[in-house]
Amino acid sequence: MPLSSSQDIPLDELLSVATAAARQAGAVLTECTRTGFRIEHKQLINLVTDADHQAEQCIIDVIHKAFPTHPVLAEERGLTEQPPSRYKWVIDPLDGTTNFAHGFPAYCVSIGVECDGQGIIGVVYDPTRNELFTAQIGQGARLNGMPITVSSADHLDRALLVTGFGYDIRENPNNNLNHFARFALKVQGLRRTGTAALDLCYVAAGRFDGFWEVKLNPWDMAAGVVILLEAGGKVSDFTGRSHSIYGQELVASNGILHQSMLDVLREEATPGNV
Ligand code: IPD
Ligand code: CA
Ligand code: CA
């Protein structure tokens, strides 16, 4: 019988529903790459595909079968209409839509759960590599069931960082190109994968040492932030203050490099400095 939202739901139960939803949505995405899908333009460079919508419906169905009263904040549909609840699911059915539409295999399904406003569950599934990143609050983070931790890189010279750009890059002067140019001259390597949820998981797994972005949405971050924190990482806004998935800025790191990243983000443009 589904549990009511007024009860304390065991974390294992939430994780198991989130995992099932992520895997099923991943299968939907994979099937769409086989059968084909339609692409629409939300804006000039902001795409959405049939696969986004089908995966989103799949996730909401799985969640509501288990927890019919839980609100879901989903990228394509917004917030579902439910009575107030301690729980909220925050989902991105396809993070990396541009990659997906081009056949570039870097995308994922992202599912986070909040209780009383705090992220308590994170599940990110990459169907192209069959990699499942999971975390429950207080219980560490895992990749395909094996514990993961952040890297021990202690200097930007030895760090591989990742970032991303919003779809308003052409119109918004705060488009991250200034930060990108400065970091590029200070780090070992800098990447732009096009999937923020996986970027967070890769910092959690020690594949990247840090990640920042100026304009993310809650569904990009909800799951990955729980996974990163449980892997021993750190998140903040650009001033170093506490991070909220409902703010836009994100600095995520292995903790050791956090202050160095904030220092670069704070640098003023000076001659020789972008
Ligand atoms: C985007 C990706 C990208 C990030 C953008 C996001 P979407 O999400 O996460 O890496 O740079 O800011 O909007 O549109 O592919 O779900
Ligand atoms: Ca996204
Ligand atoms: Ca998306």
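For clarity, every value in this text was computed on a predicted model and none was experimentally measured. (Residues numbered from 1 in each chain as written. Chains lettered and ligands numbered in written order. Predicted model: local features only at pLDDT ≥ 70, side-chain atom pairs only at ≥ 80, totals over all residues. Heavy atoms only, no water.)

A closer look at the sheet that holds strand β13 (residues 210-213)
Sheet strands pair via backbone hydrogen bonds, and the direction of the pair is either parallel or antiparallel.
Turning to step 1, where the next piece is worked out: Taken in spatial order, the five strands make up an open sheet running β12-β11-β13-β15-β14, and their pairing is mixed. Since the sheet does not close on itself, it has two edges, and those belong to β12 (189-191) and β14 (234-236), each with one partner. With direction set aside, neighbouring strand axes in the sheet form an average angle of 15 degrees.
Turning to step 2, where the next piece is worked out: Two elements, β13 and strand β15 (residues 250-253), share four bridges in a ladder whose sense is antiparallel. By the bridge assignment for β15, Trp212 is matched with Val251.
Turning to step 3, where the next piece is worked out: Of the strands in this sheet, β11 (160-163), β13 and β15 are in contact with helix α5 (residues 196-204), which crosses β13 at around 150 degrees. (Pairing = 2+ DSSP bridges. Helix = DSSP H or I, 4+ residues; strand = E, 2+ residues; numbered from the N terminus. Axes fitted to C-alpha atoms, helices over the stretch in contact; angles between N-to-C directions. Contact = heavy atoms within 4.5 Å.)

Regarding the packing of aromatic side chains
Turning to step 1, where the next piece is worked out: By the definition in use, this model includes seven aromatic pairs.
Turning to step 2, where the next piece is worked out: The interplanar angle of 40 degrees and the centroid separation of 5.8 Å between the aromatic rings of Tyr202 and Phe208 together place this pair among those described as tilted. Take Tyr202 and Phe208: they sit in the same class, and that class is buried.
Turning to step 3, where the next piece is worked out: Grouped by ring-pair contacts, the aromatic residues Phe37, Phe100 and Tyr107 constitute a single cluster. (Phe/Tyr/Trp six-rings, centres within 6.5 Å; stacked < 30°, edge-to-face > 60°. Buried < 20%, exposed > 50% of the residue type's maximum accessible area, 1.4 Å probe, protein only.)

Let's talk about unusual backbone geometry
Glycine aside, residues mostly have negative phi, and peptide bonds are mostly found in the trans state.
Turning to step 1, where the next piece is worked out: For Asn130, which is not glycine, the phi torsion reads 50 degrees and is therefore positive.
Turning to step 2, where the next piece is worked out: On the secondary structure map, Asn130 appears in the loop between β7 (118-126) and β8 (131-136).

Structural notes on the site of ligand 1
Turning to step 1, where the next piece is worked out: Around ligand 1 sit 16 residues, and of these Asp95, Gly96, Tyr167, Gly194 and Glu213 come closest.
Turning to step 2, where the next piece is worked out: Ala196 is positioned such that a nitrogen or oxygen atom in its backbone is 2.9 Å from an oxygen atom of ligand 1.
Turning to step 3, where the next piece is worked out: Measuring from an oxygen atom of ligand 1, one finds a side-chain N or O atom of Glu213 at 2.6 Å.
Turning to step 4, where the next piece is worked out: Within the complex, the protein chains bury 96% of what would otherwise be the 370 Å² of accessible surface of ligand 1.
Turning to step 5, where the next piece is worked out: Counting residues per element, the shell around ligand 1 draws most heavily on strand β5 (residues 87-95), which supplies three residues. (Near = heavy atom within 4 Å. Polar contact = N/O pair within 3.5 Å; in protein donor to acceptor, adjacent residues only side chain to side chain. Areas by Shrake-Rupley, 256 points an atom, 1.4 Å probe, with all protein chains shown as cover.)

Notes on the sheet that holds strand β6 (residues 108-115)
Turning to step 1, where the next piece is worked out: The strand order across the open sheet formed by eight strands is β4-β3-β5-β6-β7-β8-β9-β10, and the pairing between neighbours is mixed. Each having just a single partner strand, β4 (78-79) and β10 (146-148) make up the two edges of the open sheet.
Turning to step 2, where the next piece is worked out: Alignment of strand β9 (residues 141-143) against β10, held across three bridges, turns out to be antiparallel. Residue Leu143 lies in a different strand from β10, and its bridge partner there is Met146.
Turning to step 3, where the next piece is worked out: The sheet contacts of helix α1 (residues 11-35) involve β5, β6, β7 and β8, and relative to β7 the element is tilted by about 30 degrees.
Turning to step 4, where the next piece is worked out: Sitting on the sheet, helix α2 (residues 50-66) touches β3 (72-74), β5 and β6, and the angle it makes with β5 is about 155 degrees.

Brief notes about the coordination of the calcium ion (ligand 2)
Turning to step 1, where the next piece is worked out: Those donors, Asp92 (OD), Asp95 (OD) and Asp220 (OD), are the protein atoms that reach the calcium ion (ligand 2), and they lie 2.1 to 2.2 Å from it.
Turning to step 2, where the next piece is worked out: A distance of 3.7 Å spans the gap from the calcium ion (ligand 2) to the calcium ion (ligand 3), which Asp92 bridges by coordinating each metal.
Turning to step 3, where the next piece is worked out: We classify Asp92 as buried; its relative accessible area is 1%.
Turning to step 4, where the next piece is worked out: When its relative accessible area of 6% is taken as the criterion, Asp95 is described as buried. (Donors = N, O, S within 2.8 Å, 3.2 Å for Na, K, Ca; no water.)

Focus on the side chain of Ser236
Turning to step 1, where the next piece is worked out: Along the chain, Ser236 falls in strand β14.
Turning to step 2, where the next piece is worked out: By relative accessible area, which is 0% here, Ser236 ends up buried.
Turning to step 3, where the next piece is worked out: In this structure the side chain of Ser236 is engaged in a polar contact, spanning 2.8 Å, whose partner is the side chain of His258.
Turning to step 4, where the next piece is worked out: Apart from the residues within four sequence positions on either side, Ser236 is in contact with Arg241, His243, Glu249, Leu250, Val251, His258 and Leu262.

Quick look at helix α4 (residues 177-184)
Turning to step 1, where the next piece is worked out: Among all positions of α4, only His179, Arg182 and Phe183 are buried. Along the axis of α4, the buried residues cluster in a sector spanning 95 degrees; they form a single face.
Turning to step 2, where the next piece is worked out: For α4, the secondary structure elements touched by its buried residues are β11, β12, β13 and α7 (258-266). (Arc of directions from axis to C-beta.)

Let's talk about the domain arrangement of the protein
Turning to step 1, where the next piece is worked out: Once the domains are mapped, the protein shows domain 1 (11-145) and domain 2 (156-269).
Turning to step 2, where the next piece is worked out: Here the C-alpha centre of domain 2 lies 21 Å away from the C-alpha centre of domain 1.
Turning to step 3, where the next piece is worked out: In this assembly, 41 residues from domain 1 lie in contact with 25 residues from domain 2.
Turning to step 4, where the next piece is worked out: The junction of domain 1 with domain 2 conceals about 2300 Å² of combined surface from both sides, 63% of it contributed by carbon and sulfur atoms.
Turning to step 5, where the next piece is worked out: On the domain 1 side of the interface with domain 2, the three residues burying the most area are Ile45, Asp95 and Phe133, jointly 22% of the side's total.
Turning to step 6, where the next piece is worked out: Where domain 1 meets domain 2, there are one salt bridge.
Turning to step 7, where the next piece is worked out: A salt bridge links Glu131 to Arg207, with the shortest nitrogen-to-oxygen separation between them at 2.8 Å. (Domains from an automatic or database assignment. Buried area = accessible area lost by both parts, 1.4 Å probe. Salt bridge = Lys/Arg side-chain N within 4 Å of Asp/Glu carboxyl O.)

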